[in-house]
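So the chains spell out like this:
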Amino acid sequence: MAKALVIVESPAKAKTINKYLGKEYVVKASLGHIKDLPKRDLAVDVEHGFEPRYEVIEGKKKLIAELKAAARKVESVYLAADPDREGEAICYHLQEELKDKRNGARIYRVMFNEITKKAIQKAFEKPGQVDINLVDAQQARRVLDRLVGYKISPLLWDKVRRGLSAGRVQTVALRVIVERE
């Protein structure tokens, strides 16, 4: 029986990493983010510190249930999403969902920049924890995208074309275009 569960973002990575780690590890894929801001409303409490309200993405509930079941059968869970803000946020949300307050598996964060046997093994020698600063950075970007995009996109639909979206980057680009015109 496996002693540890490893969660990566993509099934292709999971297959390769599973070969490198051996039978003591079960490697599964999260298929990217498992939580996001709901599309139906702003989902950012501007009155109380711009606190975002995340929800499990529709269609990911079954996957989360499978990951929880796998986590209950092992001693340790290693979150191995990409080593960037997005990957850290994915790991944070996985940690939130997988944490069992009674006597669950210990949860660790492992990072590697290449998928080679040496890099993978080195990452597992010194596992760490989710970096909350990177999570906060991703969350700030996501909240800013939502605040700007949610307010400006309807204007874009009215004036340019339905279905266009405006985020923080698109808004600045649109401003430059308008000034040139």
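Position numbers for residues start from 1 in each chain and track the written sequence from start to end. With pLDDT at 70 or above as the cut-off, local features in this predicted model cover only qualifying residues; side-chain atom pairs require 80 or more to be listed or tallied, and sums for whole chains, interfaces and linings still use all residues. Side-chain numbers come from the whole structure's heavy atoms, not from hydrogens or water.

Remarks on the pattern of salt bridges
Here comes step 1: By definition here, a salt bridge exists when the distance from a side-chain nitrogen of Lys or Arg to a carboxyl oxygen of Asp or Glu is within 4 Å. If you walk through the whole model with that rule in mind, you get 11 salt bridges.
Here comes step 2: The salt bridge partner of R142 is D36, with a shortest N-O separation of 3.0 Å. With a gap of 106 residues between them, R142 in helix 5 (residues 132-159) and D36 in strand 3 (residues 35-36) connect regions that are remote in the sequence.
Here comes step 3: Exposure categories follow from relative accessible area, calculated using a 1.4 Å probe and restricted to protein chains: below 20% of the type maximum is buried, above 50% is exposed, and the middle band is partly exposed. The exposure class of R142 is buried, given its relative accessible area of 17%.
Here comes step 4: Overall, the relative accessible area of 23% leaves D36 in the partly exposed class.
Here comes step 5: For R40, the salt bridge is made with E55, and the minimal N-O distance between the two is 2.7 Å. Highlighted residues: R40 in the loop between strand 3 and strand 4 (44-45) and E55 in strand 6 (residues 55-56), separated in sequence by 15 residues.
Here comes step 6: Classification of E55 by relative accessible area gives partly exposed; the value is 27%.
Here comes step 7: One network of salt bridges, with partners in common, ties together K35, K68, E96 and E97. Put simply, DSSP marks the helices as runs of H or I at least four residues long and the strands as runs of E at least two long, and each gets a number from the N terminus on.

Digging into the packing of helix 3 (residues 85-98) against helix 5
Here comes step 1: Note on definitions: angles span 0 to 180 degrees between N-to-C directions of axes, and those axes are lines fitted to C-alpha atoms, for helices only across the stretch in contact. The N-to-C vectors of helix 3 and helix 5 enclose an angle of 105 degrees; their axes lie 8 Å apart at closest approach. By the criterion of interaxial angle, the relationship of helix 3 to helix 5 is roughly perpendicular. On the side of helix 3, the interface is formed by R85, E86, E88, A89 and Y92, while helix 5 contributes I132, L134, V135, A137, Q138 and R141.
Here comes step 2: Residue polarity follows a fixed list, in which Ala, Val, Leu, Ile, Met, Phe, Trp, Tyr, Cys and Pro are nonpolar, Asp, Glu, Lys and Arg are charged, and the others, Gly among them, are polar. In the contact of helix 3 with helix 5, the residues fall into six nonpolar, one polar and four charged. These descriptions rest on fixed angle ranges, namely under 35 degrees for roughly parallel, over 145 for roughly antiparallel, 65 to 115 for roughly perpendicular, and the rest for oblique. What makes two residues a contact is simply this: any of their non-hydrogen atoms within 4.5 Å.

Some words on the packing of helix 2 (residues 61-72) against helix 3
Here comes step 1: Their axes nearest at 10 Å, the elements helix 2 and helix 3 cross at an angle of 65 degrees. Considering the angle they form, helix 2 stands roughly perpendicular to helix 3. Considering only the axes of helix 2 and helix 3, their crossing is right-handed. On helix 3, the residues that touch I64, L67, K68 and A71 of helix 2 are L94, E97 and L98. A crossing counts as left-handed when the near helix is turned anticlockwise from the far one by less than a right angle, and as right-handed when that turn is clockwise.

Let's talk about the environment of G59
Here comes step 1: Structurally, G59 can be placed in the loop between strand 6 and helix 2.
Here comes step 2: Under the relative-accessibility criterion, G59 is labelled exposed at 63%.
Here comes step 3: The spatial distance from the C-alpha of G59 to the C-alpha of I34 is 9.1 Å, given a sequence separation of 25 residues.

A look at the nonpolar core
Here comes step 1: Ranked by size, the top nonpolar core spans 20 residues in total, and within it L5, I7, L67, V77, L79, L94 and L98 carry the most contacts.
Here comes step 2: When contributions to this core are tallied by element, the ones reaching two or more residues are strand 1 (4-8), helix 2, strand 7 (76-79) and helix 3.
Here comes step 3: When residues of this core are assigned to their parent elements, the largest contribution, five residues, is made by helix 2.
Here comes step 4: In this structure, L79 is in contact with I7, C91, L94, Q95, I107, Y108, R109, V110 and V130, ignoring residues within four places of it in sequence. Among buried residues, the Ala, Val, Leu, Ile, Met, Phe, Trp, Tyr and Cys ones that are joined through side-chain atoms within 4.5 Å form a nonpolar core.

Focus on the sheet that holds strand 2 (residues 25-29)
Here comes step 1: We treat two strands as partners when DSSP finds at least two bridges between them. With parallel pairing, four strands are arranged side by side in an open sheet as 2-1-7-8. Whereas interior strands pair on both sides, the edge strands pair on one side only; in this sheet they are strand 2 and strand 8 (106-109). For this sheet, the mean angle separating the axes of adjacent strands, direction not counted, is 20 degrees.
Here comes step 2: Where strand 1 and strand 2 come together, five bridges link them in parallel fashion. Looking at strand 2, one finds that V6 is bridged to V27.
Here comes step 3: Here helix 3 sits on the sheet and contacts strand 1, strand 7 and strand 8; the angle it forms with strand 8, its principal contact strand, is near 180 degrees.

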